[in-house]
Every structure is written in C-alpha cells, then in structure tokens.
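If you want the building blocks of each chain, they are given just below.
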Amino acid sequence: MKNTVIITVAAVAVSMALTAQAQGQKKNIEVTINGVAGFQDTPLEPDGKWHVHDPARPQPPVVTPGKTFSQQATPPSDAIVLFDGKDLSRWTDRNGNPAPWTVEDGVMISAKSDIQTTNKFGDIQLHLEFKEPVPGKGEGQGRGNSGVYFMGQYEVQVLDCYHNKTYADGSTGAIYGQHPPLANACRPPGEWQTYDIMFTAPRFEPGGKVLSPAYVTVILNGVVVQNHQAYRGASNWKSPGKYTPHATELPLALQYHSNPVSFRNIWVRPVPLVDEP
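Residues numbered from 1 in each chain as written. Predicted model: local features only at pLDDT ≥ 70, side-chain atom pairs only at ≥ 80, totals over all residues. Heavy atoms only, no water.

A. Focus on the overall build of the protein. Helix and strand counts for the protein come out as one helix and 19 strands. Scaling as 2.2 N^0.38, a compact globule of 277 residues should have a C-alpha radius of gyration of about 19 Å, and the protein matches this with 20 Å. C-alpha atoms of the protein, sized along the principal axes, occupy 70 × 50 × 40 Å. Counting every position in the protein, which comprises 277 residues, the buried fraction comes to 47%. Pairs at least 24 residues apart make up 65% of the contacts formed inside the protein by residues separated by at least 6 positions. Taken together, the 23 basic and 25 acidic charged side chains of the protein have centroids lying 5 Å from each other. (Helix = DSSP H or I, 4+ residues; strand = E, 2+ residues; numbered from the N terminus. Rg over C-alpha atoms; globule rule 2.2 N^0.38 Å. Buried < 20%, exposed > 50% of the residue type's maximum accessible area, 1.4 Å probe, protein only. Contact = heavy atoms within 4.5 Å. Lys, Arg positive; Asp, Glu negative; His and termini not counted. Charge placed at Lys NZ, Arg CZ, Asp CG, Glu CD.)

B. Up close: the sheet that holds strand 10 (residues 154-158). The antiparallel open sheet is built from five strands, whose spatial order is 4-7-18-9-10. Each edge of the open sheet is held by one strand with a lone partner, namely strand 4 (91-93) and strand 10. Note that strand 9 (residues 146-150) and strand 18 (residues 253-254) share two bridges and pair antiparallel. Within strand 18, the position partnered with Tyr149 by the bridge is Ala253. (Pairing = 2+ DSSP bridges.)

C. A look at the packing of aromatic side chains. Under the counting rule described, the total for this entry stands at ten aromatic pairs. Judged by centre distance (6.4 Å) and plane angle (55°), the rings of Tyr167 and Tyr176 are tilted. Assessed through its relative accessible area of 9%, Tyr176 is described here as buried. Of the aromatic side chains, those joined through ring pairs into one cluster are Phe150, Tyr154, Phe199, Phe204, Tyr231 and Tyr243. The cationic tip of Lys238 hangs over the ring face of Trp237; the distance from NZ or CZ to the ring centre is 4.0 Å. (Phe/Tyr/Trp six-rings, centres within 6.5 Å; stacked < 30°, edge-to-face > 60°. Lys NZ or Arg CZ within 6 Å of the ring centre and 35° of its normal.)

D. The nonpolar core, seen in detail. With 45 residues, the main nonpolar core has Trp91, Met108, Phe150, Tyr195, Tyr231, Leu254 and Ile266 as its most contacted residues. Where this core is concerned, the elements lending two or more residues are strand 3 (80-83), strand 8 (124-131), strand 9, strand 10, strand 11 (193-200), strand 14 (215-220), strand 15 (223-230) and strand 19 (262-270). With sequence-adjacent residues up to four places away left out, Ile266 is seen in contact with Ile80, Val81, Leu82, Phe83, Trp91, Met108, Leu126, His127, Leu128 and Leu254. (Core = buried A, V, L, I, M, F, W, Y, C linked by side-chain atoms within 4.5 Å.)

E. Main features of the pattern of salt bridges. Scanning the model with the defined rule gives eight salt bridges in all. Note that Arg94 is salt-bridged to Asp114, the shortest N-O span being 3.5 Å. Here Arg94, found in the loop between strand 4 and strand 5 (102-104), pairs with Asp114, found in the loop between strand 6 (107-109) and strand 7 (115-117); they are 20 residues apart in sequence, far enough to count as distant. Notably, a salt bridge pairs Arg143 with Asp160, separated by 2.8 Å at the nearest N-O pair. (Salt bridge = Lys/Arg side-chain N within 4 Å of Asp/Glu carboxyl O.)

Quick look at the structure:
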C-alpha cells in the first residue's frame, strides 16, 4: 500500500509537470550577479536590453539626501488627510473589511494584508512618510518591502535599499518591474523618509485603447528619482506591465509584503490635468 501511494503521488507530479509544459508554463530560475539576485529568463523590457528584474541591470547611483526635506509637512488647506496618526478610518483591506494594520504612537504599521483608501482618486499629489524596521533584516526584496499603489495597480516601490542591493527595477523609488529610480537616496533604517509624488492617471478611449499612459514624478527625501516617467501598464512581479481599461478614479493602496514598515503623515491633493498651452 505504501509503495502504491508513492507511485501514485509521483505519477501525479509527473502529470502536472507535463501539463504545465504543454501549456507553455515554466518556472523562472533565480540567478545572482555581483551580489544581486534576480532573473534573466523573464520577458524583455520594450527596449530589448534588460529582462524584468534583471540582476545585471546597473544599480542606481547613491545620492546622500539632505538632513531634512518635507518631514512632518503640514497638509495644505485643500488636502485630504488619509492618516493623521489617530486611526485607520480612511482605510480598509482590499475586500472592504477594516484595515488590519496597527496604530502605535501616531504611526501605522503594516501587517497581515494590503490596505486601500475609502476614497477614490485619479490625478493626485501625494505626501507620505515611511520608516524601515530596525535592525534591517533580510536582503534584496526581503528587506523592508512595501509599495505605494496608485489606483490600486501602479506601484512606486518601498524598500530598504540602504546598503542593500536588489534588482534595479525593484529598488526604492522604482516603477516596479519597469523603470529603476534615477538615484538611490535612501536613509538608514529607523530614520523617517519622505515621498512627494505627482501621479497622472492613464486615459483610455471608449473602446479601451490607451489614449495616454499613467505618469509619475517621484521625489524621495528631496531627490527626484522619477521625472514624469510613463508607466508601461499595471505593476506586477516578473511582468513588463500591461494596461487594462478601468475607472477614472480608484483607491490608493499600500502593500503588506511580510515586513512591518511604518507610515505617518499621509495626505493627498487631487490635481486635475490642465491641457491648455
């Protein structure tokens, strides 16, 4: 009976492997180059030079930020305050249930699942402050990982990249899986860092064709790391990005990626796009 079970399980495993092969599925093989783990069998980026999450892609240059920039910036009079240090009343999980993150000493700490705003947004100015765990644990993508998802799908990466290398298109300030940041301006873990971001939502024609892509300008700790950079589509692991038509306004989301990243002072201002010359 024991032998029969083993043979049966093995047969099922072989069958599943053959089925996956027949369907064109494959498991990407992680490789390490110069201390950076990533992939070189993922799809190529549109320029045809680098694979998505390619460990050989050049690292962004390190820029030491100034001592302060917009830390504890007071929200403008027309801002929508998403977190003021008191509670998570403006947030839910992705299914609309109460946000499972914790609030301690005016700070919200990621836990259990992603969260998203109860408000929906299109074009916005975002201010957000985050702090990586101390001591820094893990390496690469496993160290202080989170993310800011505009409209729930266009990510700007949050990661502890202070003396921590990872694939360039997944480092702090990256348009995840697509565009590396122009610089690594990270502060050490345990220090508050600031994101000041301008996001322009994509526009779609009635038939669903992309009329104009999403754009983002990202300032990390006072350093521009994305300069009106276009998204190639929604952000996904090992994917170069693809657009799917969606509503003109959707929630802003923050990612939980198994690391307790802290956030504070989060506010937005809707900023309509002006097309006049």
